[in-house]
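The residues making up each chain are set out below.
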Amino acid sequence: MIRDGEVSALKKLLESGEYSPSQKMTRKTESSVFDRRTVEALYETMTKFSINYIDFPISSGKESVVFKAYSSKKPLAVKVFKTSTLKFSNLSMYINGDYRFAKERKSRANMVLLWTRKEFVNLNACHDAGAWVPEPFGFHKNILVMQYLGTRAKPSPSLRKVKTPEIYFEDIIHNMRKVYHDAGIVHADLSEFNILIYRRKPYFIDMGQSVSQDHPSSKEFLARDIRNMCSFFSRNGFNISEEELLREVTNG
Ligand SMILES: Nc1ncnc2c1ncn2[C@@H]1O[C@H](COP(=O)(O)OP(=O)(O)O)[C@@H](O)[C@H]1O
Ligand SMILES: [Mg+2]
């Protein structure tokens with residue numbers, strides 16, 4: 001944990017070269033430790049976004065770590081994509097075919113940077129369209145900075161964790177429509193895990209893989225999102241057919 005006033009400590013650590021000096025990491029450590037470049041990027045991000053300190057990690061997954069951070073008392077969420085474990089082959093199907101990224105160099109080294117920017121661009125399009133998503137503030141290298149969803153004490157729970165998910169279903173459908181119909185985006189990994197309940201509204205998160213409607217596989221990705229949500233709805237006593245949900249989400 002990097003506490004108040006310890007930006008300089010992070011800097012010192014970097015200068016001392018003690019922080020994972022070799023880029024090579026064992027399988028065991030690569031899931032929990034950042035490589036040197038990422039620590040540098042984190043330091044630069046703190047400067048760029050005037051972040052005073054990084055609080056607790058909200059989540060630590062295989063491909064990203066999300067921290068709560070503070071910029072002059074304002075909480076932020078900082079999502080750090082791991083450069084070492086992000087799987088190139090899994091990413092390319094969501095980037096190739098998206099005309100917004102057609103001209104980009106898709107080298108392995110560039111992929112994680114593209115992915116970070118892609119999540120930013122997706123969140124931005126959805127936010128501009130008035131959908132409930134965390135407001136994206138910006139990005140730097142492999143790090144995304146966005147609105148923190150939660151209270152001072154704890155981050156917002158996922159839809160999966162709330163006691164009465166059914167009270168959010170109508171708003172979820174409304175948000176699916178905002179994202180697809182108004183923003184022109186297909187989430188492509190929509191599920192009860194990637195919906196957070198914040199101030200009684202369902203916020204869609206995790207949009208790195210989201211694609212433009214024009215992506216050649218967008219219909220397929222949309223159908224999968226619809227299938228996942230119908231299945232979650234029906235497990236919670238709300239029946240809507242996939243055809244009907246598709247109509248609700250797409251029709252003018
Ligand atoms: N803006 C945010 N505010 C609060 N918590 C967040 C925010 N973004 C992500 N999280 C938390 O971090 C977890 C992982 O983030 P997510 O974007 O879903 O990445 P991934 O699932 O690819 O690791 C989420 O399930 C959620 O609990
Ligand atoms: Mg997720």
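Since the structure is predicted, the reported quantities are computational estimates derived from the model, not experimental observations.

Q: Outline the sheet that holds strand E1 (residues 53-60), listing residues and values.
A: On the basis of which strands lie adjacent, the open sheet formed by five strands has the order E1-E2-E3-E5-E4 and antiparallel pairing. Two strands lie at the open edges of the sheet, namely E1 and strand E4 (136-140), each paired on one side alone. Direction aside, neighbouring strands of the sheet carry axes that sit 25° apart on average. Against the sheet, helix H5 (residues 108-128) engages strand E3 (74-81), E4 and strand E5 (143-147), with an angle of about 165° to E4.

Q: Lay out the pairing of strand E7 (residues 195-198) with the relevant residues and their values.
A: Across the two faces of E7 the burial is the same, with Ile195 and Ile197 and Leu196 and Tyr198 all buried. Two strands pair when backbone bridges link them, and E7 and strand E8 (residues 201-204) are joined in this way by four bridges, in the antiparallel orientation. In the strand pairing of E8, Leu196 is matched with Tyr203. Adjacent in sequence and paired antiparallel, E7 and E8 are bridged by two residues, among which Arg199 carries a positive phi angle near 50°.

Q: If you had to explain the packing of aromatic side chains to someone new, which residues and values would you point to?
A: Going through the model one piece at a time under the given rule, you end up with ten aromatic pairs. Relative to Phe233, the ring of Phe169 has its centre 4.3 Å away and its plane inclined at 40°; by these criteria the two rings are tilted. With Phe169 in helix H6 (residues 169-182) and Phe233 in helix H7 (residues 218-235), the pair connects residues that are 64 residues apart, well separated along the chain. Side by side, Phe169 and Phe233 carry an identical accessibility label, which is buried. Ring centres of Tyr198 and Tyr203 lie 5.3 Å apart, and the angle between their planes is 80°; on these two criteria the pair is classed as edge-to-face. Each of the two residues, Tyr198 as well as Tyr203, counts as buried. Here the aromatic cluster, defined as three or more aromatic residues joined through ring pairs, consists of Phe169, Phe232, Phe233 and Phe238. Positioned above the aromatic ring of Phe137 is the side chain of Lys74, whose terminal nitrogen or guanidinium carbon lies 4.3 Å from the ring centre.

Q: Tell me about the site of ligand 1, and name the residues and values.
A: Lining the immediate surroundings of ligand 1 are 15 residues, of which Ser64, Lys79, Gln147, Leu149 and Asp206 lie closest. Ser64 places a polar side-chain atom, nitrogen or oxygen, 3.0 Å from an oxygen atom of ligand 1. In the environment of ligand 1, an oxygen atom lies 2.9 Å from a nitrogen or oxygen atom belonging to the side chain of Asp206. Contact with the protein chains removes 81% of the 540 Å² of surface that ligand 1 exposes when unbound. Residue assignment for the shell around ligand 1 shows that the elements contributing at least two residues are E1, strand E2 (64-71), E3 and E5. Of the residues contributing to the shell around ligand 1, the split by class is nine nonpolar, four polar and two charged. Each of two domains, domain 1 (7-147) and domain 2 (159-250), supplies a minimum of three residues to the shell around ligand 1.

Q: If you had to explain the coordination of the magnesium ion (ligand 2) to someone new, which residues and values would you point to?
A: Distances from the magnesium ion (ligand 2) to its protein donors, namely Asn194 (OD1) and Asp206 (OD), fall within the range 2.2 to 2.3 Å. Pair noted here: Asn194 is in the loop between strand E6 (185-186) and E7 and Asp206 is in the loop between E8 and strand E9 (211-212), with a separation of twelve residues, a long-range link. Since its relative accessible area comes to 23%, Asp206 is described here as partly exposed.

Q: Before we move on, could you go through the packing of H6 against helix H8 (residues 242-250) and cite the residues and values that matter?
A: Two elements in contact, H6 and H8, have axes whose closest approach is 7 Å; the angle formed by their N-to-C orientations is 55°. Classified by the interaxial angle, the pair formed by H6 and H8 is oblique. On H8, the residues touching Ile173, Met176, Arg177, Tyr180 and His181 of H6 are Leu245, Glu248, Val249 and Thr250. Among the residues forming the contact of H6 with H8, the class breakdown is five nonpolar, two polar and two charged.

Q: So what's going on with the nonpolar core? Which residues, and what values?
A: One finds Leu159, Ile172, Met176, Met229, Phe233 and Leu245 to be the most contacted residues of the largest nonpolar core, which totals 51 residues. Residues from two domains meet in this core; each of domain 1 (7-147) and domain 2 (159-250) gives at least three. For Phe233, the residues in contact, after removing those within four places along its chain, are Phe169, Ile172, Ile173, Phe238, Ile240 and Leu245. By size, the runner-up hydrophobic cluster in this structure holds 16 residues, among which are Phe34, Leu42, Phe49 and Val65.

Q: Before we move on, could you go through the packing of H7 against H8 and cite the residues and values that matter?
A: At their nearest, the axes of H7 and H8 sit 10 Å apart, and the two run at 120° to each other. Taken together, the axes of H7 and H8 lie oblique to each other. Note on packing geometry: the crossing formed by H7 with H8 is right-handed. Contacts between H7 and H8 pair Leu222, Ile226, Arg227, Met229, Cys230 and Phe233 from the former with Glu242, Leu245, Leu246, Val249 and Thr250 from the latter. Counted by class, the contact of H7 with H8 contains eight nonpolar, one polar and two charged residues.

Criteria and thresholds
Residues numbered from 1 in each chain as written. Chains lettered and ligands numbered in written order. Predicted model: local features only at pLDDT ≥ 70, side-chain atom pairs only at ≥ 80, totals over all residues. Heavy atoms only, no water. Pairing = 2+ DSSP bridges. Helix = DSSP H or I, 4+ residues; strand = E, 2+ residues; numbered from the N terminus. Axes fitted to C-alpha atoms, helices over the stretch in contact; angles between N-to-C directions. Contact = heavy atoms within 4.5 Å. Buried < 20%, exposed > 50% of the residue type's maximum accessible area, 1.4 Å probe, protein only. Phe/Tyr/Trp six-rings, centres within 6.5 Å; stacked < 30°, edge-to-face > 60°. Lys NZ or Arg CZ within 6 Å of the ring centre and 35° of its normal. Near = heavy atom within 4 Å. Polar contact = N/O pair within 3.5 Å; in protein donor to acceptor, adjacent residues only side chain to side chain. Areas by Shrake-Rupley, 256 points an atom, 1.4 Å probe, with all protein chains shown as cover. Nonpolar A, V, L, I, M, F, W, Y, C, P; charged D, E, K, R; others polar. Domains from an automatic or database assignment. Donors = N, O, S within 2.8 Å, 3.2 Å for Na, K, Ca; no water. Parallel < 35°, antiparallel > 145°, perpendicular 65-115°, else oblique. Core = buried A, V, L, I, M, F, W, Y, C linked by side-chain atoms within 4.5 Å. Left-handed = near helix turned anticlockwise from the far one by under 90°.

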